[in-house]
Amino acid sequence: MRLQPMARRLPPLNALRAFESAARHLSFTKAAGELNVTPAAISHQVKGLEEILGLELFHRLTRGLSLTEPGRAYLPALTETFDRLTAATEGLRGQEVSGRLIITTMPSLADRWLIHRIGDFHRRYPEVDLVLRAEERRVDFIREEIDVGIRYGRGEWRGLRSAWLMDEQVFPVCAPSLMNGPKPIRKLSDLRHHTLLHDFGAHATEPWLNWDVWFREAGLTDIDVGRGLHFSNTALILKAAIAGEGVALGRSALLENDLRAGRLVRPMQATRPADYGYYIVSPEATADLPKIAAFRSWILESARRSGHAEPLPRRGEG
């Protein structure tokens, strides 16, 4: 006798969608906006789901919601399931590379690397509408509906598929005028006579971006590393360096055009590899969508073609 498969006993799909959205936003109102229904409908669906499960999924607070332990345990599985359903549905709509593609990356990389290449992707895939978001903060891919990101780190981010894009070398750079001025720069100790340009956004975990680490490791303890000009991002630092305002720690991924055009030069051989690299990342559930796969393949090819992830030619003496 052949056994019949056991029927799946699941709560109504609308109730699950209502809970998942409300749990992500911790708001019935925001969930209602996302699902195009009323907040009362969301509340009703969630209440019905709680009755089916025999569990409370939310604590109803005076000023909002918080998840109960069962609610917290339930949410990740539902979010992953809806992500997979979304990806499967998109896949059924065909393999044509088209639609809106939202990309996020740091402003410095967008301005000095990606913007000079993105036109090539658009020419190859004219049916893709690109949206490039340049922001320092770490975005939430699911809540903000981001397709692809370029991140700087070690390549490990929970829930994201990452592929190594390029490494980075860090080295002093300056305007050509500082190389042969009244206090020429030939070695690290010569920087005692010049203004230092600092990135105060660099973290303690990124010693290759901090002048004090460079001087300490070189045994130069008589240089006041606190002096100089301090900036909030790399783009401003490089603009100040190009203007001849001082010497910066340059990052190879961002310097290709300025070094090639002679706006910046490397006054010495000193260099440090960064422990971090650049990675192309996307949510695991949607990583294989045609438009995302096409962008990932294109940007990896673009980085390989540039070759600038390797140490760049040095100028000056050691």
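As a convention, each chain's residues are numbered from 1 in the sequence order in which they are written. Reporting in this predicted model follows two pLDDT cut-offs: at least 70 for local features of residues, and 80 or more for side-chain atom pairs to be given and counted; totals over whole chains, interfaces and linings ignore these cut-offs and use all residues. Side-chain metrics in this entry use all non-hydrogen atoms of the structure; hydrogen atoms and water are not considered.

What about the overall build of the chain?
So the rule is basically this: Strands are runs of DSSP state E lasting at least 2 residues, helices are runs of H or I lasting at least 4, and numbering of each runs from the N terminus. Think of it in three bands: with a 1.4 Å probe and only protein chains considered, a residue is buried below 20% of the maximum accessible area for its type, exposed above 50%, and partly exposed in between. In what follows, a contact means two residues having at least one pair of non-hydrogen atoms within 4.5 Å. Areas reported here follow the Shrake-Rupley algorithm with a probe of radius 1.4 Å; residue values treat only the protein chains shown as occluding.
Helices and strands together make up the secondary structure of the chain, namely eleven helices and twelve strands. Looking at the chain as a whole, 46% of its 318 residues are labelled buried. A separation of at least 24 residues holds for 76% of the contacts in the chain among residues at least 6 apart in sequence. In the structure as shown, the chain presents an accessible area of about 17400 Å², 51% of it carried by carbon and sulfur atoms.

Some words on the nonpolar core
We count it as follows: The criterion is simple. A nonpolar core is a set of buried Ala, Val, Leu, Ile, Met, Phe, Trp, Tyr and Cys residues joined through side-chain atoms within 4.5 Å.
Of all hydrophobic cores here, the largest spans 61 residues; its most connected members are Leu165, Leu191, Trp211, Tyr278, Phe295 and Ile299. Beyond its immediate sequence surroundings of up to four residues, Phe295 is in contact with Leu101, Ile103, Ile118, Phe121, Val148 and Ile280. By size, the runner-up hydrophobic cluster in this structure holds 19 residues, among which are Leu16, Ala31, Phe58 and Leu67.

Details of helix α2 (residues 28-35)
Spelled out, the test is: It is the directions from the helix axis to the C-beta atoms whose arc is reported.
Turning to α2, its buried residues number three or more, namely Phe28, Ala31 and Ala32. Down the axis of α2, the buried side of the element spans an arc of 105 degrees, and every buried residue falls inside it. In α2, the exposed residues that point more than 90 degrees away from the buried face are Thr29, Lys30 and Gly33. Residues of α2 that are buried in the fold lie against α1 (13-25), α3 (39-53), β1 (58-61) and β2 (64-67).

Some details on the pattern of salt bridges
Let me state the cut-off plainly: In what follows, salt bridge is the name for a side-chain nitrogen of Lys or Arg lying within 4 Å of a carboxyl oxygen of Asp or Glu.
In total, this model carries 21 salt bridges according to the counting rule given. Salt-bridge contacts for Arg24 lead to Glu20; the nearest nitrogen and oxygen are separated by 2.7 Å. With Arg24 and Glu20 both in helix α1, this residue pair falls four residues apart, about one helical turn. Each member of the pair, Arg24 as well as Glu20, is classed as buried. With its nearest N and O atoms 2.8 Å apart, the salt bridge here joins Glu144 to Arg133. Placement of the pair is Glu144 in the loop between β4 (128-134) and β5 (148-153) and Arg133 in strand β4, with a sequence separation of eleven residues. For Glu144, a relative accessible area of 25% corresponds to the partly exposed category. Since its relative accessible area comes to 23%, Arg133 is described here as partly exposed. A cluster of three or more residues bridged by salt bridges with shared partners is formed by Arg133, Glu135, Arg137 and Glu144.

Looking at the sheet that holds strand β10 (residues 248-251)
Basically, it comes down to this: Two strands are said to pair when DSSP picks up at least two bridges between them.
Ordered by their spatial adjacency, three strands build an open sheet running β10-β7-β11, and the pairing between neighbours is antiparallel. The open sheet has two edge strands with one neighbour each: β10 and β11 (272-273). Pairing between strand β7 (residues 169-173) and β10: four bridges, direction antiparallel. The residue of β10 that forms the bridge with Val173 is Ala248.

Describing the packing of aromatic side chains
Stated formally: Put simply, two rings from Phe, Tyr or Trp (the six-membered ring, in Trp's case) pair if the centres are within 6.5 Å, and we call them stacked under 30 degrees between planes, edge-to-face over 60, tilted for the rest. Criterion for a charge above a ring: Arg CZ or Lys NZ at most 6 Å from the ring centre, at most 35 degrees from the ring normal.
This model, assessed by the stated rule, comprises 13 aromatic pairs. An aromatic cluster of three or more residues is present, and its members are Phe19, Phe28, Phe58 and Tyr74. Geometry around Tyr152 places Arg251 over its ring, the cationic atom sitting 4.7 Å from the centre. Across the ring face of Phe171, the terminal group of Arg266 is positioned such that the distance to the ring centre comes to 3.5 Å.

Some thoughts on the sheet that holds strand β12 (residues 277-283)
Adjacent strands of a sheet form backbone hydrogen bonds with each other and so pair up, either parallel or antiparallel. Put simply, the test is: Here an axis means a line fitted to C-alpha atoms, over the contact stretch when the element is a helix, while the angle between two N-to-C directions is reported on a 0 to 180 degree scale.
Reading across from one edge, β4-β3-β5-β12-β6 is the order of the five strands in this open sheet, with mixed pairing throughout. This sheet does not close on itself; its edge strands, each paired only once, are β4 and β6 (160-166). Across the sheet, the axes of successive neighbouring strands diverge by a mean angle of 25 degrees, strand direction being ignored. The pairing of β5 with β12 spans five bridges and is classified as antiparallel. Residue Tyr152 lies in a different strand from β12, and its bridge partner there is Tyr278.

As for α1
Every α-helix carries 3.6 residues per turn, so stepping three or four residues along brings you back to the same face. Here is the rule: To estimate the expected span of a helix, count its residues, drop one, and scale the result by 1.5 Å.
Counted at 1.5 Å a residue, the expected span for α1 with its 13 residues is 18 Å, and the 18 Å between its end C-alpha atoms agrees. Within the sequence span of α1, burial applies to Ala15, Leu16, Ala18, Phe19, Glu20, Ser21, Ala22, Ala23 and Arg24. Downstream of α1 by a residue or two, Leu26 has a phi angle that is positive, lying close to 50 degrees.

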